[in-house]
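If you want the building blocks of each chain, they are given just below.
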Amino acid sequence: MWNHLKFKHKPKFIELDRIRMGLSGSAFNQDVSNVSIDEDESEIEESNSLISQPSTSNYEPDLGQSDSTDSCIYPSPITDPSSIAIVHKTNSTLTKQMKMTQFTLNKSAKIKIDNALAYFIATNMMPYSLVEKDGFKLFVNALNPSYKLPGRKTLTESRIPSMYSETRNIIGNIIRSADVFTFTTDCWTSSSNQPFIGLTCHFINDNFKLTSACLGCIELSEDHTGENITDVVQMLFLDYEIPDRKICSIVTDYGSNMLKAVRNLNIPHVACFGHSLNTAVSRIFNMDEIKDVVHKIKLIHNIFAHSWKAVREMGKVQEKFSLPNKKFPSYSKTRWWSMLELINVIIEQELGLTSFLRTYKNGGYKNLALQESDIIVLKNLSCIIQPIREITDNLAGDSYVTGSAILPVIFSLKSKLSQITQLNESDDTDINGGQIKNMYTTIIEVLDQRYQDNALLIMCTVLDPRFKIEYIKYNDLSVLKKTIAEFCETTYERIESDSYVNNISNQLASQKKPKTGLSVIFGTPENNMDNFQEVPLSQKIKNELDLYINNPKIGVEQDPLDWWNINKTTYPIMFVSAKKSYDHSSYKRSV
């Protein structure tokens, strides 16, 4: 009907269009006056009803559309009234009826949409039951009425498996082209109480960027013993055809079953740094002088977690004492930093919280009111674990190098905690100096037990141009250099470095330019590539190491991978060891 008005009764079409867009002005009236009106009043009343009815006309995309419903039904508004007649004339030539084939799907288009749906479900961890929800069906039908949603059986037996098979082939090709790998693994239990084990590999890709890929997430219904974990990991190694010479290390938690599995695999082990920090903080929470206060904090949290009335009354108290209107954050026993956030809020709200506990429900919770000694314990606890929280936030990443930062971070953490301890011990009357020292000792004991004298981490740190030897303990620099040189030589010989170094040498040789200008007169330096090939391997490593250590460090914000990629021709042998060492990851991310 809208098209009928447009082509057969143009004056009425323009009039109705003007009413719809709310336009007025002499230019419009002038355009209308130029068109004769010969329709009767009944047709005008009939036409007016079209304003509130959906139109079946279809307009070309280049006319412009907005997100509003009206814009999808009618042509887009024209801001210049004088151009309305011209636009309508243009619309009349562009408006076409769409073919029915544009509303139907062929088989290939249907499969393409099915695969997109499978990708959405897989990557966003959505349940298969999504396709059975009435609301989702309505949404999909609104997008395309001719598309029929696949059932759960189609997704589970066809679409998802085919997508997994394609992805696995892609990952397999990438892995075969990589040089060395570090692996992270962990066991976990789903919300439906099903046990799983995941294995993730970390490697440097062709663009010299740290990359990770999940090799498998397998249901482990058997007991989580070291032998069973070893069998699953070895099966995945064989499945992806990963040779032993390419395996650099494996990162796990410090559970006895994981440690036994690592020993069975005979792979160098690095303890997960996040798990180590979590263990250290958990031991602090269980200290005799702290666990009673922590338990009281948990009981206070439960008051507000299970009663909206308590939250309302606390809000009134906060307003009364001019305190920030903050809610007490939730606490999770598996996330220790949630306790830190709760402690900080309680310290801030101490005055109002004490008043609330003494008055709420006729003083039924007054026994939970915090004493002055409790507040001091909480402040000491906060100042000790706050640096650990900052380390956790900034070191938990899988797209940048973290393994080489473990020893420097431990060194920095020791320095910060030592300063806090010294400040508290300087005052003889401070009864909490010993308490803070105990916290400090607990953290350092855990970290030293798991990372002290770890040869892999020492090499990672030394080969990181941001740190080098600054954070490494040594009595004799020559002994340290000898150890590093032996590591580089061993790595160079174990990895297929002959072909790689030959490629580097060929690149250097191809970069040699013919003698021109002053080079014809003075010749080339004696330490050129020809002489480099004749130098013994041990001497080459020594020369590279001396040059590397004597050069200044780069900024901590710079990417060491980029630095090595730029300087690989300057340090061709050390570059091989650096590439291997940078595959280490300090956090386990298995799924």
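Calculation rules
- Residues numbered from 1 in each chain as written.
- Predicted model: local features only at pLDDT ≥ 70, side-chain atom pairs only at ≥ 80, totals over all residues.
- Heavy atoms only, no water.
- Helix = DSSP H or I, 4+ residues; strand = E, 2+ residues; numbered from the N terminus.
- Expected span 1.5 Å × (residues − 1).
- Buried < 20%, exposed > 50% of the residue type's maximum accessible area, 1.4 Å probe, protein only.
- Contact = heavy atoms within 4.5 Å.
- Phe/Tyr/Trp six-rings, centres within 6.5 Å; stacked < 30°, edge-to-face > 60°.
- Lys NZ or Arg CZ within 6 Å of the ring centre and 35° of its normal.
- Pairing = 2+ DSSP bridges.
- Core = buried A, V, L, I, M, F, W, Y, C linked by side-chain atoms within 4.5 Å.
- Salt bridge = Lys/Arg side-chain N within 4 Å of Asp/Glu carboxyl O.

Novice: I'd like a description of helix α2 (residues 10-21), backed by residues and values.
Specialist: In this model α2 runs 16 Å from its N-terminal to its C-terminal C-alpha over twelve residues, within 8% of the 16 Å that 1.5 Å per residue would give. Among the residues making up α2, those that are buried are Pro11, Lys12, Phe13, Ile14, Leu16, Asp17 and Met21.

Novice: Go over helix α15 (residues 336-348), please, and point to the residues and values.
Specialist: The end-to-end C-alpha separation of α15 is 19 Å, in line with the 18 Å expected for 13 residues at 1.5 Å each. Burial in α15 covers these residues: Trp336, Ser338, Met339, Leu340, Leu342, Ile343, Val345 and Ile346. Residues of α15 that are buried make contact with α12 (273-285), α13 (288-305), α16 (350-359) and α17 (372-395).

Novice: Account for the packing of aromatic side chains, with residues named and values stated.
Specialist: For the coordinates displayed, the defined rule picks out 20 aromatic pairs. Geometrically, the ring pair formed by Phe208 and Phe575 is stacked, given 5.1 Å between the ring centres and 20° between the ring planes. You can see Phe208 sitting in the loop between β2 (195-204) and β3 (210-219) and its partner Phe575 sitting in helix α27 (residues 572-581), a full 367 residues away along the chain. Given the relative accessible area of 2%, Phe575 is considered buried. Arranged with centres 5.8 Å apart and planes meeting at 70°, the rings of Trp564 and Tyr571 form a pair that is edge-to-face. Per residue, the accessibility class of Trp564 equals that of Tyr571, and both read buried. Positioned above the aromatic ring of Tyr240 is the side chain of Arg168, whose terminal nitrogen or guanidinium carbon lies 4.6 Å from the ring centre. Lys468 extends its terminal NZ or CZ atom over the ring of Tyr548, reaching a point 4.6 Å from the ring centre.

Novice: Let's hear about the pairing of strand β1 (residues 181-189): which residues, and what values?
Specialist: The buried count for β1 comes to seven of nine residues, which makes it a mostly enclosed element. Looking at chain direction, β1 and strand β4 (residues 247-252) are connected through four bridges and run parallel. Across the sheet, Phe181 pairs through a bridge with Ile247, a residue of β4. Inspection of the sheet shows β1 paired to β2 by eight bridges, in the antiparallel sense. Across the sheet, the residue bridging to Thr185 is Leu199, located in β2. Hairpin connection between β1 and β2: a loop of five residues separates the two successive antiparallel strands, and Asn193 in this loop has a positive phi of roughly 65°.

Novice: Please set out the nonpolar core residue by residue, giving values where relevant.
Specialist: Looking at soluble globular proteins, one finds that nonpolar side chains tend to be buried together. Counting 92 residues, the largest nonpolar core has Phe273, Phe356, Tyr451 and Trp564 as its most contacted members. Ranked by the residues each element gives to this core, the list is headed by α17, at nine residues. Apart from residues lying up to four places away in sequence, Tyr451 is in contact with Val270, Ala271, Cys272, Phe273, Ser276, Ile406, Leu407, Ile410 and Leu457. In this structure, Leu199, Phe237, Ile250 and Leu265 belong to the second largest nonpolar core, which totals 27 residues.

Novice: Can you lay out the pattern of salt bridges for me, pointing to particular residues and giving the numbers?
Specialist: Inspection of every chain in the model, using the stated rule, returns 18 salt bridges. Here Glu313 and Lys316 are joined by a salt bridge, their closest N and O atoms 3.6 Å apart. Here the residue Glu313 and the residue Lys316 both occupy positions in helix α14 (residues 308-320), the gap between them amounting to three residues, near one helical turn. For Arg389, the salt bridge identified is with Glu341, shortest N-O distance 3.1 Å. Linking Arg389 in helix α17 with Glu341 in helix α15, this pair joins segments that are 48 residues apart in sequence. Among the residues examined, Glu341 registers a relative accessible area of 33% and is labelled partly exposed. Among the ionic contacts, a cluster of salt bridges with common partners joins Lys110, Asp114 and Arg159.

Novice: So what about the side chain of Asp464? Which residues, and what values?
Specialist: For Asp464, the location among the structural elements is in the loop between α20 (455-462) and α21 (477-494). Taking relative accessible area as the criterion, Asp464 reaches 0% and is therefore assigned buried.

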